[in-house]
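A look at the structure
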Protein chains: 4
Amino acid sequence: MKSDDAPRPRGRPRSTKARSAILRAARELLAEGGPAAVTMEGVASRAGVGKPTVYRWWPDRHAVAMAALMEGEAPQTTRRAPRSAILALRQQLRTIAERFASPTGRHVATMIAASDLETEFSKAFRNHFVLARRAEGRVLLEQAIREGDIRTDLDAEVALDLLYGPLFFRLLMGHAPLDASFTDEVLSHALQGLARRKSSIRSGG
Amino acid sequence: MKSDDAPRPRGRPRSTKARSAILRAARELLAEGGPAAVTMEGVASRAGVGKPTVYRWWPDRHAVAMAALMEGEAPQTTRRAPRSAILALRQQLRTIAERFASPTGRHVATMIAASDLETEFSKAFRNHFVLARRAEGRVLLEQAIREGDIRTDLDAEVALDLLYGPLFFRLLMGHAPLDASFTDEVLSHALQGLARRKSSIRSGG
Amino acid sequence: MKSDDAPRPRGRPRSTKARSAILRAARELLAEGGPAAVTMEGVASRAGVGKPTVYRWWPDRHAVAMAALMEGEAPQTTRRAPRSAILALRQQLRTIAERFASPTGRHVATMIAASDLETEFSKAFRNHFVLARRAEGRVLLEQAIREGDIRTDLDAEVALDLLYGPLFFRLLMGHAPLDASFTDEVLSHALQGLARRKSSIRSGG
Amino acid sequence: MKSDDAPRPRGRPRSTKARSAILRAARELLAEGGPAAVTMEGVASRAGVGKPTVYRWWPDRHAVAMAALMEGEAPQTTRRAPRSAILALRQQLRTIAERFASPTGRHVATMIAASDLETEFSKAFRNHFVLARRAEGRVLLEQAIREGDIRTDLDAEVALDLLYGPLFFRLLMGHAPLDASFTDEVLSHALQGLARRKSSIRSGG
DNA sequence: ATCTAAGCGAGACGGTACGTCACGTCTTGGG
DNA sequence: CCCAAGACGTGACGTACCGTCTCGCTTAGAT
């Protein structure tokens, strides 16, 4: 069989040099002035690139900013594997909190909230920064279930939102700090539950 | 006599009429095209008002849009008081979810993301739409503690974020529906906890 | 020998098919939207030709438009030779007027105005559409002199401009119709002169 | 009666300062690079004016260039009245030729030929630079008729085009110089006629 | 029967200018 | 003193073409 699903593009190929210059420029502007500073004109002129070239790669400035954030991410510093899935979850939540507490984190959140929700690009963006981590969390959660630390009768989607939701909440509302001690507490409260233990007999409801 | 209590200002009685015309126009534009459609020019012209008049009340278009959202909120349909604080919480979460699931909910999220976080106006906005509800939740939580349904040894701020964070999360990410069954599950999962009961009764592995 | 002044071109020869496709496309665009519509991109895409191919033949879009106009001209419908040079002149002026009155006439004027005046291409263009006719006129004028219908003491260049200038004038200014009756009158006025006859026969004031 | 056909404009009045700055900038650019150099961006930036302000006054760059040319015209240097209408005509033709021989003259011609012919603006432009002079010429021509120097049986419109057409012809075609000796010869040839005097008896035909 | 160099279509490149929109400020005259 | 109206300078928008440059593929004359 031939791999003819990539129909051999005609014409001059896109310049990856231009692409990376654009992303670098966008990253700089993002760092200097936040998402609002990522204008097409600014990006193009700083990248030494024509405006149409930017539009050739991305449909609008939001997409450029998102791409810059996604591409600009530092490589994952893999830490040694924790002993249990619960500990791994705790570690992951701490890492996420640390990253989101940075200016870049604010930018990510801003862009997520401002984006269209239906656009392909914004879906990819949310997936990259949040849902992928949440999916990792799902793996850890299932592992924790197998390890006997988590109840088997719960709705995993709800459980995941219970863990990751509070992070975003603080990030966007800014009503309280977003740090490791917070995520640790979120995890422990979520695990233990808020309800007072009435008695070992009471089945709940 | 009340006829002479406003003798000195020379041209001002129009003010409240202009103000509400502006807000009505902003609300309409919001409904038609989202926050991006709330432009100063659009608002002013639709309200039949000069641009400087708009600037007299609000510093920029974000503020106008926020004010429109805040003012435009339907009056609270007070439902009969639930029997317990827990049930009241459940009811409140349902109500919030219902509102967030509407287009207005998306607009609120967008505005929160776009706003400065430090501005007085945006603080008021976040407070109006989110933190005020969270504060109501704190009251209910304390009541629930007194009623003996909630543990006394928990961090209330964390507990509150555990309840409200997931709603916000789904609002922003749109990865799953934001409805009453979700908030019910959030509440029950948060109360019961995710951890498997390792009670003293538990006999074996 | 003249065969070796073309130094034996290597490689693939130019495609005359491409050339004529380009000119046809340019002619169509000219007809549809005037000279402004003859863009390199438009011509190339309509001709199914790459842009560099167009540039291989002509230096810029003006040249393409000019070439299209020159090539697209209908073949000269040779009418039977008139009895005298004066009548031939009258016929020629009528023909020119007829052509200038068409949309193509306006396009020619536009191109002449837009062109550099010094460029080789624009010289050829002006020559093709105007000066060549004027040169034909010079022949007829000289013939008419020989036939005894035209004075021998006049400046032929001035005389020619006297005949062809008015046509061009109406073409450019559009202040009055450009038709056969006009050119006939131009010719007769030019021949007879505007001045009142102050002949020796004239008896009194 | 009230003069209510000028319905008293509301709002801030147009800044004539901006207007004249725009025209000055356009005039400079015209002098430096011809009509092609009169770009909206260039004009606006050189005039220290926003682009929208330029568009508020004129619909496109052609109009700006035309307005600049019309406004920038040096005041008419009135020369002493000649003894006869014929001499006045000769003087006028010389003056026109002198002006059109300048770079500005080329620009005027270029703009005339490039313009739409139907636009109100371009009509005004042609009128200002050419048809107004031609109208002056009509007055002189009628005066010359009264003075007995010009035939009474001619078509004045044709006669006028016979005088002014050759000027434009040389201006645009550049095939021969456009100077006073040319216009003098045009006038004398037009007056005397090109035809050979067959005999004093022959009435013409 | 190759070889090989130019032409071919396509289309991305860095640019420039377009004409529009909205910003937030300033300037009118009227009430 | 506020009001509506609207012009102001600013600056970004997204588009259209410019003329140049790479691609990989013909194609036809020279070898």
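Preceding this paragraph is the structure being described.
In this report, the structure presented in the accompanying data block is examined. Throughout, residues of each chain are indexed from 1 in the direction in which the sequence is written. Chains and ligands are labelled sequentially in the order written, the chains with letters from A and the ligands with numbers from 1. Given that this is a predicted model, residues contribute local features only at a pLDDT of at least 70 and side-chain atom pairs are listed and counted only at 80 or more, while totals for whole chains, interfaces and linings are drawn from all residues. The basis for the side-chain values is all heavy atoms of the structure; hydrogens and waters are excluded.

The next thing to look at is the relation of the copies chain C and chain D. When chain C is fitted to chain D, the residual RMSD is 0.3 Å, and the transformation amounts to a turn of 179 degrees plus an axial shift of 0.1 Å. The transformation just described matches what one would write down for a two-fold rotation axis. The rotation axis passes nearest to the C-alpha of Gly 193 of chain C in chain C, at a distance of 1.7 Å. When you check the interface residues of chain C against chain D, 98% turn up at the interface there too, and the contact is symmetric in its surfaces. To line up the copies, we fit them by least squares on C-alpha atoms, keeping just the residues with pLDDT of at least 70 in both. Contacts are residue-level and defined by heavy atoms, with any inter-residue pair within 4.5 Å sufficient.

It is worth spelling out the protein's contact with DNA strand E at this point. Near DNA strand E there are 44 residues, and of these Met 40 and Lys 51 of chain B, Ser 15 of chain C together with Lys 51 and Tyr 55 of chain D occur at the shortest range. Counting only atoms of DNA strand E within 4 Å of the protein, the fraction found in sugar and phosphate groups is 63%. At 3.2 Å from a sugar or linking oxygen of DNA strand E is found a main-chain nitrogen or oxygen belonging to Arg 12 of chain A. Under the scheme applied here, ten amino acids are nonpolar (Ala, Val, Leu, Ile, Met, Phe, Trp, Tyr, Cys and Pro), four are charged (Asp, Glu, Lys and Arg), and all others, including Gly, are polar. Each residue belonging to the surface near DNA strand E can be placed in one class, and the counts come to 14 nonpolar, 13 polar and 17 charged. The cutoff for a nearby residue is simple: one of its non-hydrogen atoms must lie within 4 Å of the molecule or strand. Think of a polar contact as two N or O atoms within 3.5 Å of one another; within protein, one of them needs to be a possible hydrogen donor and the other a possible acceptor, and neighboring residues in sequence only count if both atoms come from side chains.

Here we come to the interface of chain C and chain D. Across the boundary between the two partners, chain C contributes 47 residues, which contact 48 residues of chain D. Accessible area that two parts lose when put together, with a 1.4 Å probe and added across both, is what the buried area reports. Summing both partners gives a buried area of about 4,600 Å² for chain C against chain D, and 66% of it is carried by carbon and sulfur. Contact with chain D buries surface across chain C, with Phe 169, Met 173 and Leu 194 of chain C losing the most and accounting together for 16% of the total. By convention in these notes, a salt bridge is any Lys or Arg side-chain nitrogen within 4 Å of a carboxyl oxygen on Asp or Glu. In this assembly, chain C and chain D are joined by two salt bridges. The partner of Asp 161 of chain D in a salt bridge is Arg 170 of chain C, with the nearest N and O atoms 2.5 Å apart. For the interface between chain C and chain D, the tally reads 22 residue pairs in polar contact (both at pLDDT 80 or more). Counting from the N terminus, the helices are DSSP H or I runs at least four residues long and the strands are E runs at least two residues long. Contributing elements (two or more residues each) for the side of chain C that touches chain D: helix H6 (103–114), helix H7 (120–146), helix H8 (156–173) and helix H9 (180–192) of chain C.

What follows deals with unusual backbone geometry. All names here are of chain A. Non-glycine residue Leu 117 carries a positive phi angle of around 75 degrees. Residue position: Leu 117 is located in the loop between helix H6 (103–114) and helix H7 (120–146). For every residue, the accessible area (1.4 Å probe, protein chains only) is compared with the maximum for its type, and the residue is labelled buried under 20%, exposed over 50%, or partly exposed between those bounds. Judged by relative accessible area, which is 15%, Leu 117 ranks as buried.

This part covers the protein's contact with DNA strand F. With respect to spatial proximity, 45 residues lie near DNA strand F, and among them Lys 51 and Tyr 55 of chain A, Arg 56 of chain B, Lys 51 of chain C together with Gly 50 of chain D are the closest. In DNA strand F, the atoms that sit within 4 Å of the protein are 64% sugar and phosphate, with bases accounting for the remainder. At a separation of 3.0 Å, a phosphate oxygen of DNA strand F approaches a polar backbone atom of Glu 41 of chain C. In this structure, Arg 56 of chain D approaches DNA strand F through a side-chain N or O atom, which is 3.0 Å from a phosphate oxygen. Taken together, the elements giving at least two residues each to the surface near DNA strand F come down to helix H2 (40–47) and helix H3 (51–57) of chain A, helix H3 (51–57) of chain B, helix H2 (40–47) and helix H3 (51–57) of chain C together with helix H3 (51–57) of chain D.

Here we come to the packing of H7 of chain A against helix H8 (residues 156–173) of chain A. All names here are of chain A. In contact at an axis separation of 10 Å, H7 and H8 are set at 130 degrees when each is read in the N-to-C sense. Here H7 lies oblique to H8, going by the angle between them. When you trace H7 past H8, the crossing you get is right-handed. Counting all contacts with H7, which are made through Val 130, Arg 133, Arg 134, Gly 137, Arg 138 and Leu 141, the residues of H8 involved are Ala 156, Glu 157, Ala 159, Leu 160, Asp 161, Tyr 164 and Phe 168. Tallied by class, the residues present in the contact of H7 with H8 amount to seven nonpolar, one polar and five charged. Axes, fitted as lines to C-alpha atoms, cover a helix only where it is in contact. Angles between the N-to-C directions of the axes lie from 0 to 180 degrees. Roughly parallel means an angle under 35 degrees; roughly antiparallel, over 145; roughly perpendicular, 65 to 115; everything else is oblique. The sense of a crossing depends on the near helix, which, turned anticlockwise from the far helix by less than a right angle, makes the crossing left-handed and, turned clockwise, makes it right-handed.

Let us look at the interface of chain A and chain B. Residue-level contacts link 48 residues of chain A with 47 residues of chain B. Taken together, both faces of the contact between chain A and chain B bury some 4,600 Å²; the carbon and sulfur share is 66%. Remark: the boundary between chain A and chain B carries 21 residue pairs in polar contact (both at pLDDT 80 or more). If you list the elements that add at least two residues to the side of chain A that touches chain B, you get H6, H7, H8 and helix H9 (180–192) of chain A. The element best represented in the side of chain A that touches chain B is H8 of chain A, accounting for 14 residues.

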